[in-house]
Amino acid sequence: MNLINRPRRLRTTPTLRSMMRETRMSPSSLIYPLFAIEGENIKKEIPSLPGQYHWSPDRICEAIAECIEAGVEKVILFGLPAHKDEIGSGAWAEDGIVQQAIRAIKAKYPDFYVITDVCMCEYTSHGHCGILCDHYVDNDKTLECLAKIALSHAQAGADMVAPSDMMDGRVGAIRDLLDANGFINVPVMAYSAKYASAFYGPFRDAAGSAPSFGDRKSYQMDPHNSREAMLECELDIQEGADIIMVKPALSYLDIIAKAKERFDLPLAAYSVSGEYAMIKAAAAADLVDEYRIMCESALSIYRAGADILITYYAKELAQAMKKGDIG
């Protein structure tokens, strides 16, 4: 008699399927993106990101309360300033919008974990991620500004900073200035492999950060390249990054997998605005089951190797994990 291997035996009941899962996820691994905007009494839905909002500092704790209720313990903050200039000086102002939001959150929820995006595109009048020399972003002139931004966030109470600009050497510049000012325990989560992607469209609308000319292909990564991503991760690690990141997530699962295999640092993935907006649009057209697609998409990112997931679905995914539908 031929012996038939029967893997299906371990799929016959929900209990067995849950016990045999190879990929485990926890709400503690989720980070929720949050947009702070200058003004008062503002909670305004972002048209390009249904279900996401701009929050003024006086109301931003409402968003934190929602996160806590859902089981999400961390946010990453982005800021929309009232005024912009050529050098993005509002990004490191003591009363800048992110700095205001940090203080508001920490005043009410001192133990809630606040990460800040460190970049200049929301603050520059031209929309690029650094200091311009003619129409070229000057890498080394930008480093000083990025370090000042990170320091100002830490001084306002940020628990972690996350540089997203893709300038060479920015992790080292930030680490040096933080350490020199006593913030040795503030970690750096580097956007290490950040690709020049079409998936960022809704975010640029939400953050008011679209470049006024050209594009960001001279500093963000070419989507054709994977070995270069490993180099970028390695350089950030050498400069002192505590966490590395791949962005976007779904079209770059191979990059996540390669980074997970090669590096020992915690690995984050950012499921970006375009990924979220596509699911929302397809669900609104009654083409897909939003809940199942949300869960399956997140699962694929974790299965590829991500330890941390930044996602606009963080609150819903935390509930799915708690119910045992995933995780």
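None of the values given here were measured: they were computed from a predicted structure. (Residues numbered from 1 in each chain as written. Predicted model: local features only at pLDDT ≥ 70, side-chain atom pairs only at ≥ 80, totals over all residues. Heavy atoms only, no water.)

### A short note on the overall build of the protein chain
So, point 1. On a plain count of helices and strands, the protein chain comes out with eleven helices and twelve strands.
So, point 2. The C-alpha radius of gyration computed for the protein chain amounts to 20 Å, which stays within 12% of the reference 20 Å derived for 327 residues, consistent with globular compactness.
So, point 3. By the burial criterion, 54% of the 327 residues in the protein chain qualify as buried.
So, point 4. The contacts of the protein chain with a sequence gap of at least 6 include a subset with a gap of at least 24, amounting to 73%.
So, point 5. As displayed, the protein chain has an accessible area near 14,900 Å², and 51% of this comes from carbon and sulfur atoms.
So, point 6. Positive and negative side-chain charges in the protein chain, numbering 34 and 45 respectively, have mean positions lying 10 Å apart. (Helix = DSSP H or I, 4+ residues; strand = E, 2+ residues; numbered from the N terminus. Rg over C-alpha atoms; globule rule 2.2 N^0.38 Å. Buried < 20%, exposed > 50% of the residue type's maximum accessible area, 1.4 Å probe, protein only. Contact = heavy atoms within 4.5 Å. Areas by Shrake-Rupley, 256 points an atom, 1.4 Å probe, with all protein chains shown as cover. Lys, Arg positive; Asp, Glu negative; His and termini not counted. Charge placed at Lys NZ, Arg CZ, Asp CG, Glu CD.)

### Concerning the packing of aromatic side chains
So, point 1. Throughout the structure, instances matching the rule amount to eight aromatic pairs.
So, point 2. Their ring planes at 50° and their centres at 5.6 Å tell us that Y276 and Y312 sit as a pair that is tilted. Separated by 36 residues along the polypeptide, Y276 in helix α9 (residues 273-284) and Y312 in the loop between β12 (308-311) and α11 (314-323) bring together distant segments of the chain. The pair Y276 / Y312 is uniform in exposure class, with both members buried.
So, point 3. Taken together through their ring pairs, the aromatic side chains of F35, F78, Y191, Y270, Y276, Y312 and Y313 make up a single cluster. (Phe/Tyr/Trp six-rings, centres within 6.5 Å; stacked < 30°, edge-to-face > 60°.)

### Let's talk about the nonpolar core
So, point 1. Counting 110 residues, the largest nonpolar core has L34, I60, I76, M189, I256 and L317 as the members making the most contacts within it.
So, point 2. Looking at which element gives the most residues to this core, the answer is helix α4 (residues 139-156), with nine residues.
So, point 3. Those residues in contact with I256 that lie beyond four places of it in its chain are V246, A249, L267, A269, I301, A304, G305 and A306. (Core = buried A, V, L, I, M, F, W, Y, C linked by side-chain atoms within 4.5 Å.)

### Here we look at helix α10 (residues 290-304)
So, point 1. The first and last C-alpha atoms of α10 sit 21 Å apart over 15 residues, in line with the 21 Å expected at 1.5 Å per residue.
So, point 2. Restricting attention to buried positions, one finds in α10 the residues M294, C295, S297, A298, S300, I301, Y302 and A304.
So, point 3. Check the buried side of α10 and you find it contacts β1 (30-37), α8 (253-262), β11 (267-271), α9, β12 and α11.
So, point 4. Phi turns positive, to about 135°, at G305, one or two residues after α10. (Expected span 1.5 Å × (residues − 1).)

### Considerations on the environment of G201
So, point 1. Among the secondary structure elements, G201 is positioned in helix α6 (residues 201-207).
So, point 2. What makes G201 partly exposed here is its relative accessible area of 38%.
So, point 3. For G201 and S273, which are 72 residues apart along the polypeptide, the C-alpha to C-alpha distance reads 7.2 Å.

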